[in-house]
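The lines below spell out each chain.
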Amino acid sequence: RLDRRASFSMRSASADRSSSRLRRGRLTTPKRKPSSSPRIRSSKKSAFSAKLLASALQSLAEGVIIATARWHKEGFRIAFANDHFCTLTGHSPRALLGKPLARLHLDRGEITRQRRWFRSSPSAQAYAGEGALTRRDGSSLFAAWIFSALVDAKGKVTHVVGSYRDLTEKRQ
């Protein structure tokens, strides 16, 4: 009875080099040459991933913002807001872009708590809270939120993502 490994080792050396390699009794395929345009492939893949991520954020039933990780006097500045967050607050995406979170939160103490969280270790834990937000028309809504830090490969916080859920009906 011939073992599979034995049948592979009976091949001639030239045939072995041309079609596959034999290493320690296992058949391995030859290494592929890198494609002539790896950047095109990876950029297409990352463009697809970016579109998929943007689509996922837009379809969520919760308000989502992405803010810059740089702390300003009035808190984080909004870099992205999904459609549901715009509906919650009554603002257009364009009006929210660059707007500090302090202008939406009625409780000024909340901004102090966010700053404390951000100055501690934001990548280690999420920050959750609830309170009143102001809408564009001046009315208010009661919401719960959770913030998480987005870190790069070096561990540096680059952005903060926040998820908001409207609790106004449950509160009444």
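A brief look at the structure comes next.

1. Re the overall build of the chain
Each helix and strand in the chain was counted, giving seven helices and seven strands. Starting at the N terminus and ending at the C terminus, the chain contains elements arranged as α-α-β-β-α-β-β-α-α-α-β-β-β-α. Buried residues in the chain amount to 31% of all 172 residues. For the chain, restricting intrachain contacts to residue pairs at least 6 apart in sequence, the fraction spanning at least 24 positions comes to 40%. Carbon and sulfur atoms form 52% of the exposed surface of the chain, whose accessible area is close to 12100 Å².

2. Examining the sheet that holds strand β6 (residues 140-151)
Strand order in this open sheet of five strands is β4-β3-β7-β6-β5, and the pairing throughout is antiparallel. In this open sheet, the two strands that pair with only one neighbour each are β4 (78-81) and β5 (127-134). Within this sheet the neighbouring strands show an average axis-to-axis angle of 30 degrees, counted without direction. Note that strand β3 (residues 63-68) and β4 share three bridges and pair antiparallel. Paired with I66 across the strands is F80, a residue of β4. Running over the sheet, helix α6 (residues 108-119) touches β5, β6 and β7 (157-166) and is turned about 15 degrees from β6.

3. Here we look at α6
In a regular helix each residue adds 1.5 Å, so twelve residues correspond to 16 Å; α6 covers 17 Å between its end C-alpha atoms and thus fits that length. Contact partners of the buried residues in α6: β5, β6 and β7. For α6, the side-chain oxygen to backbone nitrogen distance between the N-cap and G109 is 3.0 Å, and the N-cap itself is D107.

4. A closer look at the packing of aromatic side chains
This structure, assessed with the given rule, holds ten aromatic pairs. The interplanar angle of 85 degrees and the centroid separation of 6.0 Å between the aromatic rings of F147 and Y164 together place this pair among those described as edge-to-face. A residue pair is termed long-range when its members are at least 10 positions apart, and F147 in strand β6 and Y164 in strand β7 qualify at 17 residues. Here a set of aromatic residues connected by ring pairs shows up, and it is made of W71, F76, F85, W117, F118, Y127, W145, F147 and Y164.

The rules we used
- Residues numbered from 1 in each chain as written.
- Predicted model: local features only at pLDDT ≥ 70, side-chain atom pairs only at ≥ 80, totals over all residues.
- Heavy atoms only, no water.
- Helix = DSSP H or I, 4+ residues; strand = E, 2+ residues; numbered from the N terminus.
- Buried < 20%, exposed > 50% of the residue type's maximum accessible area, 1.4 Å probe, protein only.
- Contact = heavy atoms within 4.5 Å.
- Areas by Shrake-Rupley, 256 points an atom, 1.4 Å probe, with all protein chains shown as cover.
- Pairing = 2+ DSSP bridges.
- Axes fitted to C-alpha atoms, helices over the stretch in contact; angles between N-to-C directions.
- Expected span 1.5 Å × (residues − 1).
- Polar contact = N/O pair within 3.5 Å; in protein donor to acceptor, adjacent residues only side chain to side chain.
- Phe/Tyr/Trp six-rings, centres within 6.5 Å; stacked < 30°, edge-to-face > 60°.

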